[in-house]
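Geometric and topological summary
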Amino acid sequence: MMMDGKLVKLHLLEELAKKIKCCHHPLTLAVLLAGDSEASKIYIRRKENLALTLGITVSLYSFSNEARESEVIACIQKLNEDKNVDGILVQLPLPPTFDVQRVINSISAEKDVDGLTSNHQGRLLQNQPCIIPCTAMAVFHLLQFYQVSLASQNVVIIGRSNLVSKPLACLLTNHDATVTVCHSKTKNLVDFTRMADIIVVAVGKPRFLKGEMIKEGAIIIDVGIHREGGKIVGDVDVDSVQKKCRYLSKVPGGVGELTVYMVMENLYTLYKNQEKQKNIGN
């Protein structure tokens, strides 16, 4: 059965829209783009379109390929102090000369929509309240909607990125799953995947996971997205895998749909946290 991220997004959006209507002021998201990546511009437009339906303002700050890291950080620091900005997002990837984590960590934890600052990452590791990175939370929402139990399940995550795999491993472990993170240096990968109840593939290689690599009834979450022969494909070889798996997330229309939604949910959470701080201070 295909897991439909668009269906899950529409279900969640209905509730989020009601909450946002009750906010004391219109929410504003600041998005920073460094460079002219066409893919990044597409992702930003998707965020802008969803924000528009929720009455959220997106303020875009664009920098050329020649921009210095210090310029971007200076802009972030101004936005940190701007009381009219509820959340800040740096669109990745950044130019190769940038220190990505330094730029990310210049965002105030109170405005970190992506949950990628060391503050939120550390709190996630310690299973404390935090903003969880959007793709990791998208995977979690997908599993929840389809009533997939995590307790005592063997989960294999293929990939070890800071953006997806590491925070997802923490998140699923915090919900009582037994998680193994595999990567390019893992020996005998198939020995792990064939034992897994749930496999999350975030390896960045089209059609990487084959049917012979999984057991009957496994649940497969595909985080990859690629253009191949005029088609959009993921990291999973759908034709061979769907005959054996219990659930398989769509590509496109799976995790990606929910990742964009999570930006808005995280923005609302930041707003609520800031309101609580104001009430404590009064």
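Note that the structure is a prediction, hence the values are computed from the model and not measured.

What about the environment of Ser70?
- Note that Ser70 resides in helix 3 (residues 69-81).
- Sequence-wise, Ser70 and Val31 are 39 residues apart; in three dimensions their C-alpha atoms are separated by 17 Å.

Notes on the sheet that holds strand 4 (residues 87-90)
- The sheet built from 3 strands is open, its strands ordered 3-2-4 with parallel pairing. Where the open sheet ends on each side, the last strands, each with one partner, are strand 3 (57-63) and strand 4. Ignoring strand direction, the axes of neighbouring strands in this sheet form an average angle of 20°.
- The pairing of strand 2 (residues 28-34) with strand 4 spans 4 bridges and is parallel. Pairing of Leu32 across the sheet is with Val90, part of strand 4.
- Sitting on the sheet, helix 3 touches strand 2, strand 3 and strand 4, and the angle it makes with strand 2 is about 175°.

Focus on helix 6 (residues 134-145)
- Here helix 6 is 12 residues long and its end C-alpha atoms lie 16 Å apart, about the 16 Å a rise of 1.5 Å per residue gives.
- Here helix 6 has its buried residues at Cys134, Thr135, Ala136, Met137, Ala138, Val139, Phe140, His141, Leu142 and Leu143.
- A positive backbone phi angle near 55° is found at Gln147, which sits one or two residues after helix 6.

Let's talk about the side chain of Asp197
- Structurally, Asp197 can be placed in the loop between helix 8 (189-193) and strand 7 (198-201).
- A relative accessible area of 17% places Asp197 in the buried class.
- Reaching out from Asp197, the side chain makes a polar contact with the backbone nitrogen of Asn154 at a distance of 2.8 Å.
- Beyond its immediate chain neighbours, meaning those up to four positions away, Asp197 contacts Gln153, Asn154, Lys215, Ala218 and Ile219.

A few points about helix 2 (residues 38-54)
- Its 17 residues give helix 2 an end-to-end C-alpha distance of 25 Å, which sits within 8% of 24 Å, the value for a rise of 1.5 Å per residue.
- Among the residues making up helix 2, those that are buried are Ser40, Ile44, Lys47, Leu50, Ala51 and Leu54. Burial along helix 2 is one-sided: seen end-on, the buried residues are contained in an arc of 125°. Residues of helix 2 that are exposed and point more than 90 degrees away from the buried face comprise Asn49, Leu52 and Thr53.
- Between the side-chain oxygen at the start of helix 2 and the backbone nitrogen of Ala39 there is a gap of 3.4 Å, and the oxygen is on Ser37.
- Gly55, located one to two residues past helix 2, shows a positive phi value of around 75°.

As for the pairing of strand 8 (residues 219-222)
- On strand 8, burial covers both faces: Ile219 and Ile221 on one face and Ile220 and Asp222 on the other are all buried.
- Sheet analysis places strand 7 next to strand 8, joined by 4 bridges and oriented parallel. Paired with Val201 across the bridge in strand 8 is Asp222.
- Where strand 8 and strand 11 (residues 247-249) come together, 2 bridges link them in parallel fashion. Bridging across to strand 11, Ile220 finds its partner in Leu248.

Observations concerning the sheet that holds strand 5 (residues 154-158)
- Ordered by their spatial adjacency, 6 strands build an open sheet running 1-11-8-7-5-6, and the pairing between neighbours is parallel. Whereas interior strands pair on both sides, the edge strands pair on one side only; in this sheet they are strand 1 (2-3) and strand 6 (178-182).
- Relative to strand 6, strand 5 is paired through 5 bridges, and the arrangement is parallel. Considered in strand 6, the bridge of Asn154 is made with Thr178.
- On the sheet, helix 7 (residues 165-174) packs against strand 5, strand 6 and strand 7 and is oriented at approximately 170° with respect to strand 5.

Re the packing of aromatic side chains
- Following the criterion strictly, the structure yields 3 aromatic pairs and no others.
- Measuring from centroid to centroid gives 5.4 Å for Tyr146 and Tyr247, while their planes differ by 55°, and the two rings are tilted. Of this pair, Tyr146 sits in the loop between helix 6 and strand 5 while Tyr247 sits in strand 11; the two residues are 101 residues apart in sequence, bridging distant segments of the chain.
- With relative accessibility at 10%, the residue Tyr146 sits in the buried group.
- By relative accessible area, which is 12% here, Tyr247 ends up buried.
- Among the aromatic residues, ring-to-ring pairing joins Phe145, Tyr146 and Tyr247 into one connected group.

Conventions adopted
- Residues numbered from 1 in each chain as written.
- Predicted model: local features only at pLDDT ≥ 70, side-chain atom pairs only at ≥ 80, totals over all residues.
- Heavy atoms only, no water.
- Helix = DSSP H or I, 4+ residues; strand = E, 2+ residues; numbered from the N terminus.
- Pairing = 2+ DSSP bridges.
- Axes fitted to C-alpha atoms, helices over the stretch in contact; angles between N-to-C directions.
- Contact = heavy atoms within 4.5 Å.
- Expected span 1.5 Å × (residues − 1).
- Buried < 20%, exposed > 50% of the residue type's maximum accessible area, 1.4 Å probe, protein only.
- Polar contact = N/O pair within 3.5 Å; in protein donor to acceptor, adjacent residues only side chain to side chain.
- Arc of directions from axis to C-beta.
- Phe/Tyr/Trp six-rings, centres within 6.5 Å; stacked < 30°, edge-to-face > 60°.

No statement about biological role is implied by the geometric values presented.
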